[in-house]
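# Overview (structure and organization)
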Amino acid sequence: MADNNYTPQDATPRASRLPLRELCLFGALLITIVGVYAAMGAAYSTRMLVEAACYAVLALGLTIQWGYAGQFNAGVMGFVALGGVSAMLFSVPVNDAFWNSQLPAELGKVLLYAIGATLLVVAATKLTRLGVPKRVRTVFAVLLAIVLYMVVISLLRDVTADIESQADFVGGLGLPPWLGWIFGGALAGVVGYFIGHVCLGLRSDYLAIATLGIAEIIKAFLKNSDWLTRGTATVSPLPWPTPGPAELGFTLSRAIYLSLTAVIIAGIFFLLHQAYHAPWGRMIRAIRDNEVSAAAMGKDINKRRLEIFVLGCILMGIGGGMLASFNSLFDPNGYLPLNHTFLVLVMVILGGPGNNLGTIFGAVAVYIIWIMSEPLALYLMDLAVAFGAFAFDWQAPANIDSRALQARVLVIGVLVTLVLRFAPKGLLPERVKYHD
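This is a predicted model, so every value here is computed, not measured.

## Here we look at the overall build of the protein chain
- When its secondary structure is counted, the protein chain shows 17 helices and zero strands.
- Expressed along its principal axes, the backbone C-alpha trace of the protein chain runs to roughly 85 × 65 × 45 Å.
- When the 436 residues of the protein chain are sorted by exposure, 42% land in the buried category.
- Accessible surface for the protein chain amounts to roughly 23,100 Å². Of this, 67% is attributable to carbon and sulfur atoms.

## What about the environment of Ile256?
- When you line up the elements, Ile256 lands in helix H11 (residues 250-277).
- On the basis of relative accessibility, which here comes to 30%, the residue Ile256 falls in the partly exposed class.
- As a C-alpha pair, Ile256 and Ala69 span 187 residues in sequence and 35 Å in three-dimensional space.
- With sequence-adjacent residues up to four places away left out, Ile256 is seen in contact with Thr242 and Leu248.

## Concerning unusual backbone geometry
- Of note, the bond from Ser236 into Pro237 is cis; its omega dihedral lies within 30 degrees of zero at -5°.
- Of note in this structure, Arg230 is not a glycine but carries a positive phi near 65°.
- Its location among the elements puts Arg230 in the loop between helix H9 (226-229) and helix H10 (245-248).
- Despite not being glycine, Thr234 has its phi angle at roughly 65°, a positive value.
- With respect to the helices, strands and loops of the structure, Thr234 is situated in the loop between H9 and H10.

## Focus: the packing of H11 against helix H14 (residues 301-327)
- Interaxial distance between H11 and H14 falls to 12 Å at its minimum, and their mutual angle equals 175°. When the axes of H11 and H14 are compared, the pair comes out roughly antiparallel. Each of Arg254, Tyr257, Thr261, Ile264, Ile268 and Leu272 in H11 lies in contact with H14, whose residues at this interface are Leu311, Leu315, Met322, Ser325 and Phe326.
- Within the contact of H11 with H14, the residues separate by chemical class into eight nonpolar, two polar and one charged.

## A look at the packing of helix H2 (residues 42-69) against H14
- Across the interface, H2 lies against H14 with an axial gap of 8 Å and an inter-helix angle of 170°. When the axis of H2 is compared with that of H14, the two are roughly antiparallel.
- By residue class, the composition of the contact of H2 with H14 is 19 nonpolar, six polar and two charged.

## Some remarks on helix H7 (residues 177-199)
- When the terminal C-alpha atoms of H7 are compared, their 32 Å separation across 23 residues agrees well with the 33 Å that a helix rising 1.5 Å per residue should span.
- Regarding H7, the residues found buried are Pro177, Gly180, Trp181, Gly184, Gly185, Ala188, Gly189, Gly192, Ile195, Gly196 and Cys199.

## Let's talk about a nonpolar patch on the surface
- Together, Val139, Val142, Leu143, Ile146, Tyr149 and Met150 make up an exposed nonpolar region whose accessible area comes to about 620 Å².
- Mapped onto the elements of the fold, Met150 is located in helix H6 (residues 134-167).

## Quick look at the pattern of salt bridges
- Within this structure, the stated rule accounts for six salt bridges.
- Between Arg288 and Glu430 there is a salt bridge, with the nearest N and O atoms lying 3.0 Å from each other. Taken together, the residues Arg288 in helix H12 (residues 279-289) and Glu430 in the segment after helix H17 (400-422) connect sequence positions 142 residues apart.

## Overview of the side chain of Thr63
- In this fold, Thr63 is placed in helix H2.
- Judged by relative accessible area, Thr63 falls into the buried class, the value being 0%.
- The residues touching Thr63, leaving out its near neighbours within four places in the chain, are Tyr68, Val348, Gly352, Pro353, Gly354, Asn355, Asn356 and Thr359.

## Re the packing of aromatic side chains
- In the structure shown here, the tally under the stated rule is 13 aromatic pairs.
- With a centroid separation of 5.0 Å and an interplanar angle of 80°, the aromatic rings of Phe98 and Trp99 are classed as edge-to-face.
- Accessibility expressed as a relative area gives 43% for Trp99, which makes it partly exposed.
- One aromatic cluster is present, built from ring pairs that chain together Trp181, Trp240, Tyr257 and Phe326.

## Some remarks on the side chain of Ser325
- Positionally, Ser325 belongs in helix H14.
- According to the relative accessible area criterion, Ser325 is buried, its value standing at 0%.
- Beyond its immediate stretch of four places on either side in the chain, Ser325 contacts Ala87, Pro177, Trp181, Leu238, Pro239, Trp240 and Tyr257.

## A word on the environment of Val364
- Within the secondary structure, Val364 sits in helix H16 (residues 356-392).
- Residue Val364 is classed as buried on the basis of its relative accessible area, which comes to 14%.
- Each C-alpha atom of the pair Val364 and Met347 lies 8.1 Å from the other, and the pair is 17 residues apart in sequence.
- The contacts of Val364, once residues within four sequence positions are left out, are Leu29, Ile33, Leu49 and Ala52.

Calculation notes
- Residues numbered from 1 in each chain as written.
- Predicted model: local features only at pLDDT ≥ 70, side-chain atom pairs only at ≥ 80, totals over all residues.
- Heavy atoms only, no water.
- Helix = DSSP H or I, 4+ residues; strand = E, 2+ residues; numbered from the N terminus.
- Buried < 20%, exposed > 50% of the residue type's maximum accessible area, 1.4 Å probe, protein only.
- Areas by Shrake-Rupley, 256 points an atom, 1.4 Å probe, with all protein chains shown as cover.
- Contact = heavy atoms within 4.5 Å.
- Axes fitted to C-alpha atoms, helices over the stretch in contact; angles between N-to-C directions.
- Parallel < 35°, antiparallel > 145°, perpendicular 65-115°, else oblique.
- Nonpolar A, V, L, I, M, F, W, Y, C, P; charged D, E, K, R; others polar.
- Expected span 1.5 Å × (residues − 1).
- Patch = residues over 30% accessible without salt bridge, like charges linked within 9 Å, V, L, I, M, F, W, Y side chains within 5 Å.
- Salt bridge = Lys/Arg side-chain N within 4 Å of Asp/Glu carboxyl O.
- Phe/Tyr/Trp six-rings, centres within 6.5 Å; stacked < 30°, edge-to-face > 60°.

What follows is the structure, given as structure tokens:
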């Protein structure tokens, strides 16, 4: 007689374990933070933590692309820059010299021409529906795009030259900075959507090359658009969404900004955690692990991959806006692949791709190492100089400070090497649930 209470052995989940590794790592990180506060002071250390929190948002965007879906995005810098320019355009005070002239109407006309030209090119790509041969359609669409591009660019140059000579640049909207963060995320998501349509069909290495090139294009556009961003002249100061140092002092104002970033990270973490354990998250991981099997089960591979890519870009745009507002400066030249792509990649590698908690740990830990490498290297160099002067009458080089600054690159390189050698899945790898 069958036992109705029988439970198959492989359907019984393992007993939950005490997260000793997580407790030890976060405990060590907390001790490190306390040590930094004791050595560097509250104002400096709080600033470091705020920047680390902003980088944590960027790292969460990358970890869902790379960890959830296996998409290697080497163009994080471009989406960070889009978030930064959005925060600037929304929060900077209104430029009356621009808005009280005919320049907005002229710029609006050019933008309408650009939209019309885009629609014409898109319509040209649909000529095959009217019986036009595909090769003829392609040649016609390309030639039309080139001609219309030259016309629109010529009109835009005339208007932007007038803007730069009469109003310096368009200025901002004078709105709360957090609106710029939201718009920055939306803008990054829209750009990511169009990039995804073109690039997500590529293999991982080609996708990395494509996104890297697109990030450089975005940076070049922002750097050379003086009418929009003031280019190399930079835009400063950018207002904060919280009371600034002028009202509360450096330490307290930065602590409040840190609290705001912590709340944002907690909200993002909660939403990503729920999505990861939902059927949508399981489907994304199934596509990552075995795309052929997922397609055989009727899953829309391209649509799901595009969803995760856009979601990651949105988080990068939000993080870029938060970082630009906190630094109170928008400088297109300040966006560097080393600082805004490679460093985020190291954070995800150290924490563990696909593990949201590990990514947050990696972001804070790597940023502390990145920032503290310079003063520690300078301290060690000063000790070496003092010993050399005492024992060998050795004279220190004049550029010792800049050499100490470059030590952070060596430290990060050694860190990546050690992690890839001894913990290739990260210090907190993605936790896969098994059944006994």
